Amino acid sequence: MHLYKTMKNFLMDFEYYIDIYEEKIHIFNYIDIEKLTEDEIILTMPKFTLFLKGENFAVKRLEKREILIEGTILDLRFTR
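Predicted model, so just to flag it, every value in this text is computed and none were measured.

### Describing unusual backbone geometry
What you tend to see is this: most non-glycine residues have negative phi, and most peptide bonds are trans.
Thought 1: Located in the positive-phi region is asparagine 29, a residue other than glycine, with phi close to 75°.
Thought 2: Here asparagine 29 shows up in the loop between β2 (24–28) and β3 (32–36).
Thought 3: Positioned with a positive phi, asparagine 56 is a non-glycine residue whose angle comes to about 55°.
Thought 4: By the secondary structure assignment, asparagine 56 is in strand β5 (residues 49–63).

In structure tokens:
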């Protein structure tokens, strides 16, 4: 458990972070959800907009400025 707390404290020092796992994406400190559908998600981040395209997207966890999405990611783009 100590390693978990150490890593969490380390990551919380960043303005945002994005973790990608097999069929999951975890995003911390997004500003706004612009679009959220089964096959497309658009999030406003502090310095860019994040576009996700895929299949079977489902929100598994949603907290203040933190989201965990499950599904198949086919395309991921950043724009300013």
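### Some details on the pattern of salt bridges
Thought 1: This structure, assessed with the given rule, holds six salt bridges.
Thought 2: For lysine 47, the salt bridge is made with glutamate 15, and the minimal N-O distance between the two is 3.5 Å. Of this pair, lysine 47 sits in the loop between β4 (40–44) and β5 while glutamate 15 sits in the loop between α1 (2–12) and β1 (17–21), and the two are 32 residues apart along the sequence.
Thought 3: Residue glutamate 15 is classed as partly exposed on the basis of its relative accessible area of 38%.
Thought 4: A salt bridge links arginine 77 to aspartate 75; the nearest nitrogen and oxygen atoms lie 3.4 Å apart.
Thought 5: For arginine 77, a relative accessible area of 36% puts it in the partly exposed group.
Thought 6: Connected through salt bridges with shared partners, the residues Lys24, Lys60 and Glu70 form a single ionic network.

### What about the pairing of β2?
Regular strands place their side chains on alternate faces of the sheet.
Thought 1: With four of its five residues buried, β2 lies for the most part within the structure.
Thought 2: Pairing analysis gives five bridges linking β1 to β2, with the strands arranged antiparallel. Across the sheet, the residue bridging to isoleucine 20 is isoleucine 25, located in β2.
Thought 3: The hairpin turn running from β1 into β2, its antiparallel successor, is two residues long, and glutamate 23 in that turn takes a positive phi close to 60°.
Thought 4: As defined by bridge partners, β2 adjoins strand β6 (residues 66–79) across five bridges and the pair is classed as antiparallel. Its bridge partner lying in β6, histidine 26 is registered against leucine 68.

What counts, and where the lines are drawn
Residue numbers run consecutively from 1 along every chain, following the written order of its sequence. Local features in this predicted model are restricted to residues of pLDDT 70 or higher, and side-chain atom pairs are both shown and tallied only at a pLDDT of 80 or more, whereas totals for entire chains, interfaces and linings draw on every residue. Each side-chain value is derived from all of the structure's non-hydrogen atoms; neither hydrogens nor water enter the calculation. A helix here means a DSSP run of H or I that spans at least four residues, while a strand means a run of E at least two residues long, and both kinds are numbered starting from the N terminus. Should a side-chain nitrogen of Lys or Arg be within 4 Å of a carboxyl oxygen of Asp or Glu, the pair is scored as a salt bridge. Each residue's exposure class comes from its accessible area (1.4 Å probe, protein chains only) as a fraction of the maximum for that residue type: buried when under 20%, exposed when over 50%, partly exposed otherwise. At least two bridges found by DSSP between two strands is the condition for calling them paired.

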